[in-house]
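Letter by letter, the chains look like this.
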Amino acid sequence: MPEYPEYLAAVVFAVAGVGNALLAPRRLATAVLFCLAVASAGLGVAVRSAAAHPAFATVLAVAAMLLAFALGLLLLADGVLLVRRYGPQAALLATGAAGCAVLAVLGLDVAFHVVGGEAFGAIVIAVNAAAGYLTLLFLVFAGYVFVRGRGNPLPGTTHVVVLGAGLNGDRPGPLLTRRLEHALAIDADRAPDTPGVVFVVSGGQGDDEVRSEADAMADYLRGRGVPADRIVREDRSVNTGQNLRFSAALVDGTTPGHRVTVVTSGFHVYRTTLLARRVGVPVRVVGAPTSPAYWLAATLREFAAILWLDRLLVGLSLLLAVPVATAVFEH
């Protein structure tokens, strides 16, 4: 291992970030690589400053532990709050589990300071490096989602595709209602003397639903004054990829030269854009607002999905990040 592995890692991540930016400037991977470059260099500076100034090391360690403790409690409290409000859904339970995992890492750190031991220390460093790496990725992703979720619709939009979400009985739930209202706002903001947009409501019937999401959305839009001839139903899809493919097939069979804006929730914009690119559907994806209490859990779920979609990049960078962090702290 080189004498300054973190600086070498910073250079590797920066070069990879530049290459990725040239190929795909709007991809999350580009932001992640540049953040890893900055974090690697910052880690080296912090560790060497701490070695020269022990008081600085103490302040840095306490600050990091307090931030991690606050994040763990926030995730745990948010998970408990949402489970009590919406029931034990997998994504909500995962939020509380993520908070418990953060607190467990802190508990491992405390145990090491009490027990000590060289082998135990190596394990603690590796666990903290992996946890720190995933935390950094999540923070980058959350910031990226926050920004991308506030995009504007495609100018001259002719069709608005609304992606389905859960129902509340036979009516759209709060998440889906926000998407529908955002779609209506896009229609209301169109230029004067232009035809109204065509709404494509996309969503099949889940195992726990009494009707298709498309039917529920169509009824909602009609109740808000949208004529039936401006509503197209896509009621076969059961996931986002199918939402996009099936809706695109319906739109392609209508007006030539159409321009499509897809409406989903803000936290879901990036993954929808990524899936649209992969299935070859040329659309603009915009996000509807989400309840602050639900945003953290939803963003965490999207983060897990993106980690799986970009698992090759995540795995390779993790293989580099953990040994580098381990070498720095053992240096």
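What comes next concerns the included structure.

Quick notes on the rules
Each chain carries its own residue numbering, running from 1 in the direction its sequence is written. In keeping with the predicted nature of the model, local features appear solely for residues at pLDDT of at least 70, side-chain atom pairs appear and are counted solely at 80 or more, and the whole-chain, interface and lining totals rest on all residues. By convention in this description, side-chain values take in all heavy atoms of the structure and omit both hydrogens and water. Buried Ala, Val, Leu, Ile, Met, Phe, Trp, Tyr and Cys residues form a nonpolar core when they are joined through side-chain atoms within 4.5 Å. Classification of residues uses two cut-offs on accessible area relative to the type maximum, computed with a 1.4 Å probe and protein chains only: under 20% is buried, over 50% is exposed, and between them is partly exposed. Only DSSP runs of H or I with at least four residues qualify as helices, and only runs of E with at least two residues qualify as strands; both kinds are numbered from the N terminus onward. Note on contacts: a residue pair is in contact if any heavy atoms of the two residues lie within 4.5 Å. Angles shown run from 0 to 180 degrees and are taken between the N-to-C directions of axes, each axis being a line fitted to C-alpha atoms and, for helices, limited to the stretch in contact. Each angle receives one of four descriptions, namely roughly parallel if under 35 degrees, roughly antiparallel if over 145, roughly perpendicular if within 65 to 115, and oblique otherwise. Helix crossings are classified by the rotation of the near helix relative to the far one: an anticlockwise turn of less than a right angle makes the crossing left-handed, while a clockwise turn makes it right-handed. Put simply, Ala, Val, Leu, Ile, Met, Phe, Trp, Tyr, Cys and Pro go in the nonpolar bin, Asp, Glu, Lys and Arg in the charged bin, and everything else, Gly too, in the polar bin.

### Some details on the nonpolar core
Then, number 1: Ranked by internal contacts, the top residues of the largest apolar core, which has 44 residues, are V160, L180, F199, V201, L221 and Y294.
Then, number 2: The dominant element in this core, judged by the number of residues it contributes, is helix α10 (residues 292-309), at 8 residues.
Then, number 3: The next biggest cluster of nonpolar side chains, apart from the first, holds 11 residues, and it includes V200, V251, V262 and V269.

### Describing the side chain of T272
Then, number 1: Among the secondary structure elements, T272 is positioned in helix α9 (residues 269-279).
Then, number 2: Ignoring anything within four residues of it in the chain, the contact list for T272 reads L163, T240, L244, V262, T264 and V285.

### Digging into the packing of helix α6 (residues 174-188) against helix α7 (residues 213-223)
Then, number 1: Remark: α6 packs on α7, axes separated minimally by 11 Å, with the N-to-C direction vectors making an angle of 50 degrees. Here α6 lies oblique to α7, going by the angle between them. Regarding α6 and α7, the two cross each other, and that crossing is right-handed. Here α6 contributes L176, T177, L180, E181 and L184 to the contact with α7, which in turn contributes M217, Y220 and L221.
Then, number 2: Residue composition of the contact of α6 with α7, grouped by class: 6 nonpolar, 1 polar and 1 charged.

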